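Structural features, examined
Here's the letter readout for the chains.
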Amino acid sequence: MLDADTARQLLATMWTIRAFEERLTELVASKQFAGLVHVAIGQEATATGVCSVLRADDYVYASHRPDGHFIARGADLARMMAELAGRASGYCRGKGGSMHLVAVERGLLGATGIVGGNIPLALGTALACQERGAGQVVVVFFGDGAANAGYFHESLNLASLWRLPVVLVCENNGYAEFTPLSAHTLVERLATHAERFQIPTATIDGNDVLAVRDAAAEAVSRARTGGGPTFLECLTYRLSGHYVGDPQRYRQAAELAEWRERDPIARFQRYLEATGLAASVDAAALEQAARARVEAAVRFALESPWPEPEEVATQVWAAPREEGA
Amino acid sequence: MSHASGQVTYVVAINQALREEMARDPAVYILGEDVAVGGPFGATAGLAEAFGERRVRNTPISEGTVMGLAVGAALVGLRPVVEIMFIDFITLAMDQLVNHAAKLHYLSGGQLRVPLVVRAQCGATGGWGAHHSQSLEAWFLHVPGLKIAMPATPADARGLLKAAIRDDNPVLFIEHRALYWMLGELPDGDGVVPLGRAAVLREGQAATIVATARLVHEALAAARELDAAGISVEVIDPRSLAPLDLETIVASVRKTGRVVVAHEAVLTGGIGAELAAQIQQAAFDYLDAPILRVGAPDAPVPASPRLEEAFVPGRRQLVAAVKSLLGQA
């Protein structure tokens, strides 16, 4: 049974992601921030549900829509926002930007600009965890578009073969960039790809944060106890465009309206009301607090210094570590 | 497999480097097709027996994913050595090597390190054809963040591989198939050869040949032949292309005033072009003749032994190049 603290945490995380990405969209659209930025408004429940069951020493790889994955994992909003603003105080000193966010302090080893490109990396981190034997788990998020990439299929095979402690989270939002899934594949349920490789799967309502959380808990526990990989197919929808500025000519208003009804945040709030938990979870206050935190992050970012031009060719190669370091 | 004379083959030297580094550091893992059974040339022979099949791990034929997997393992403490059986197959892993391995330290603002070695074998020998013979080092020289080593002798093979494994950056370690059975002495001790230090293999006054891998031996043969004709040639092996020891090369060019850059890769866009540009910029006033390049013709590697022979550059082309620099063509 869901307790009030957990409910509050889940809702606060979803509101923080929503507030962050809405504000980010404004900043990019108004050209206050540069960059090719992909947001995932409407998909907050997948990142929130999955990350809510992880341990501090687990690892997460994000997709090219990384904000939710980072926020749900507890990354610092100010350092994220500063990175998106291209400032020296950003997580990556302004060198990475949206699609290359990394926050090692939170086990966030990276987003990627190559669709599906970090699924193999997640397997490698999982191999290192398996060899370490401390029960750590690796999660990698990717979209339905990645399911047609070669890496995806090679990785399913290897994850299964070596029983790697990895949870493969497919955020199936129905579109690969501008094109609906049905135009890319005849496979209706992407989880069937994983089944062929004898990987346990679950296809779940990705806009139901509790369903995601339950499925993720089972998957993570399987990985932690030596049971190998799990494939989670989270059915969701991005209410935003493919990228900030996407004119979105490829979809119908009716479809969008239908999915707005299933907005994961509104839906969770309705659930809290229906179960009486709303009495001890003040949704309006959580939303307000999230927006305030995001504003503080934006201020920090905009007040942060730019990187020095001399930094352009630094950190190309890693310097040797000090002996004994 | 070591010889009574104390000499070992190039491939045994590689095997020895792997064995020594695996014994020295439990984080060193080997990943690749058939590595647990020694690989097609015996580079990993006996290692699975010594260190177990968890650390000497056979992989499916999934180069892209295996490369990415090695990167992901390197990020959290392992020091993987990936074997790409033929460098031609590295095309399948380009994204992981170029977009991930090479860039993650930079893109993360220094948060991540990628201590990864990619062993790959190049060279046109035996009529093995266009997918098992290419020399592709120039592609990777164009990728900031990668280091590239190309040993020409058993001692350098062992020493550079050990340096590569201890390096915190992705290092592409390119072996030449024609050299695998070449014999040479190994130094006592750990014999580490630092990346970024060229070797002057022969001193001379009339011209400098800068050559890599198999062409190093062709250059030495050409130098001996030219010596008999009264032309003394200096031979330099850069040993690693990134970082590049330009200083040693330029010091030689300042002395000889003439230089030939030689590689087995096709000429256009090869490392010879980059070396020529860097040499002329650093030593233009010392040059008595244009810098010449020797490389393969701009064609895929053909299978027929007669065509392969016509493809692979060697002593003959080097002798002709040096003579033409001296106006003796």
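What counts, and where the lines are drawn
- Residues numbered from 1 in each chain as written.
- Chains lettered and ligands numbered in written order.
- Predicted model: local features only at pLDDT ≥ 70, side-chain atom pairs only at ≥ 80, totals over all residues.
- Helix = DSSP H or I, 4+ residues; strand = E, 2+ residues; numbered from the N terminus.
- Rg over C-alpha atoms; globule rule 2.2 N^0.38 Å.
- Contact = placed C-beta atoms within 7 Å.
- Pairing = 2+ DSSP bridges.
- Axes fitted to C-alpha atoms, helices over the stretch in contact; angles between N-to-C directions.
- Nonpolar A, V, L, I, M, F, W, Y, C, P; charged D, E, K, R; others polar.
- Buried ≥ 20, exposed ≤ 12 C-beta atoms within 10 Å, placed from the backbone.
- Right-handed = clockwise from strand over helix to strand, strands pointing away.
- Domains from an automatic or database assignment.
- Parallel < 35°, antiparallel > 145°, perpendicular 65-115°, else oblique.
- Left-handed = near helix turned anticlockwise from the far one by under 90°.
- pLDDT = per-residue confidence, 0-100.
- Arc of directions from axis to C-beta.
- Core = buried A, V, L, I, M, F, W, Y, C linked by C-beta atoms within 7 Å.

1. Quick look at the overall build of chain B
If you tally the helices and strands in chain B, you get 12 helices and 14 strands. Taken over the C-alpha trace, chain B has a radius of gyration of 20 Å; the compact-globule value for 329 residues is 20 Å, and the two agree within 12%. Across its three principal axes, chain B shows a C-alpha extent of roughly 60 × 50 × 40 Å. For chain B, contacts bridging at least 24 residues in sequence account for 77% of all contacts bridging at least 6.

2. Side note on the sheet that holds strand S5 (residues 117-122) of chain B
Residue and element names in this part refer to chain B. Ordered in space as S3-S2-S4-S5-S7-S6-S12, the 7 strands form an open sheet in which the pairing is mixed. A strand with exactly one partner marks an edge of an open sheet, and here the two such strands are strand S3 (56-58) and strand S12 (240-242). For this sheet, the mean angle separating the axes of adjacent strands, direction not counted, is 20°. With 6 bridges joining them, S5 and strand S7 (residues 171-176) adopt parallel strand pairing. Its bridge partner being in S7, Arg-119 is matched across the sheet by Phe-173.

3. Some thoughts on the interface of chain A and chain B
Facing 34 residues of chain A, the contacting portion of chain B comprises 33 residues. Only strand S2 (108-110), helix H5 (119-132) and helix H6 (150-161) of chain A provide two or more residues apiece to the side of chain A that touches chain B. The biggest single contributor to the side of chain A that touches chain B is H5(A), with 9 residues. Class assignment for the residues of the side of chain A that touches chain B results in 19 nonpolar, 10 polar and 5 charged.

4. Notes on the pairing of strand S14 (residues 292-296) of chain B
All names here are of chain B. S14 sits mainly inside the fold: 5 of its 5 residues count as buried. As paired strands, strand S13 (residues 259-266) and S14 are joined by 4 bridges and run parallel to one another. Counterpart to Ala-262 in the pairing with S14 is Val-294. Between the parallel pair S13 and S14, the chain is carried across by helix H10 (residues 271-283), and the sense of this crossover is right-handed.

5. Describing the domain arrangement of chain B
All names here are of chain B. As assigned here, chain B comprises domain 1 (7-185) and domain 2 (199-325). Placing a centre on the C-alpha atoms of domain 1 and another on those of domain 2 gives a separation of 26 Å. Each side of the interface is counted separately: domain 1 has 23 residues, and domain 2 has 26 residues. Counting only elements with at least two residues in the side of domain 1 that touches domain 2, the list comes to helix H6 (137-141), strand S6 (147-149) and helix H7 (154-166). Looking at the side of domain 1 that touches domain 2 residue by residue, the classes come out as 13 nonpolar, 7 polar and 3 charged.

6. Some remarks on the packing of helix H1 (residues 10-24) of chain B against H7(B)
All names here are of chain B. One can describe the packing of H1 onto H7 by two numbers: an axis separation of 8 Å at closest approach and a directional angle of 30°. In terms of orientation, H1 lies roughly parallel with respect to H7. By crossing handedness, the relation of H1 to H7 is classed as right-handed. In this structure, H1 uses Tyr-10, Ala-13, Ile-14, Gln-16, Ala-17, Glu-20 and Glu-21 to contact H7, whose residues at the interface are Pro-154, Ala-155, Ala-157, Arg-158, Leu-161, Lys-162 and Ile-165.

7. Quick look at unusual backbone geometry
The general pattern is negative phi for most residues beyond glycine and trans for most peptide bonds. All names here are of chain B. A cis amide bond, omega -5°, links Ala-242 with the succeeding residue Pro-243. Note on placement: Pro-243 falls in the loop between S12 and helix H9 (246-256). The phi dihedral of Ala-213 falls on the positive side, at around 50°, and the residue is not glycine. Counting through the fold element by element, Ala-213 comes out in the loop between strand S10 (207-211) and helix H8 (214-228). Even without glycine at this site, Arg-239 takes up a positive phi of about 65°. Locating Arg-239 in the fold gives a position in the loop between strand S11 (233-237) and S12. According to the C-beta neighbour criterion, Arg-239 is buried, with 27 such atoms within 10 Å.

8. Focus on the environment of Glu218(B)
Residues and elements named next belong to chain B. Here Glu-218 shows up in helix H8. Since 24 C-beta atoms lie within 10 Å of it, Glu-218 is described here as buried. In this structure, the C-alpha to C-alpha distance between Glu-218 and Glu-63, residues 155 residues apart in sequence, is 32 Å. If sequence neighbours within four positions are ignored, Glu-218 has contacts with Ala-211, Gly-314, Arg-315 and Leu-318.

9. Details of the sheet that holds strand S1 (residues 59-61) of chain A
Residue and element names in this part refer to chain A. Reading across the sheet, the 6 strands line up as S2-S1-S3-S4-S8-S7 and stay open at both edges, with parallel pairing between neighbours. Sheet topology places S2 and strand S7 (201-205) at the edges, where each strand pairs with a single neighbour. In this sheet, adjacent strand axes meet at a mean angle of 20° when their direction is disregarded. Of the strands in this sheet, S1, S2, strand S3 (138-143) and strand S4 (166-172) are in contact with H5, which crosses S3 at around 170°.

10. Observations concerning the confidence of the model for chain B
With 98% of its residues at a pLDDT of 70 or more, chain B shows a mean pLDDT of 97. Prediction confidence for the complex, expressed as pTM and ipTM, is 0.96 and 0.96 respectively.

11. What about helix H12 (residues 315-325) of chain B?
Residues and elements named next belong to chain B. The set of residues buried in H12 consists of Leu-318, Val-319, Ala-321, Val-322 and Leu-325. The buried residues of H12 occupy an angular sector of 160° when projected down its axis, which confines them to one face. Residues of H12 that are buried make contact with S10, H8, S11, S13 and S14. Just past H12, the residue Gly-327 takes up positive phi, approximately 70°.

12. Notes on the nonpolar core
Among the nonpolar cores identified, the biggest contains 214 residues, and Ile209(B) and Val260(B) are the most heavily contacted of them. Broken down by element, the residue count for this core peaks at 11 residues, all from helix H1 (residues 4-29) of chain A. Three or more residues apiece are contributed to this core by two domains, here domain 1 (7-185) and domain 2 (199-325) of chain B. With near-sequence residues (within four places) excluded, Ile209(B) lies in contact with Ala219(B), Ala222(B), Ala223(B), Val233(B), Val235(B), Val260(B), Ala262(B) and Leu318(B).

13. A word on the packing of H8(B) against H12(B)
All names here are of chain B. Across the interface, H8 lies against H12 with an axial gap of 8 Å and an inter-helix angle of 55°. Between H8 and H12, the angle falls in the class oblique. Once H8 is placed against H12, the crossing between them reads as right-handed. Contact with H8, carried on its side by Glu-218, Ala-219, Ala-221, Ala-222, Glu-225 and Leu-226, involves Arg-315, Leu-318, Val-319 and Val-322 of H12 and no other residues of that element. By residue class, the composition of the contact of H8 with H12 is 7 nonpolar, no polar and 3 charged.

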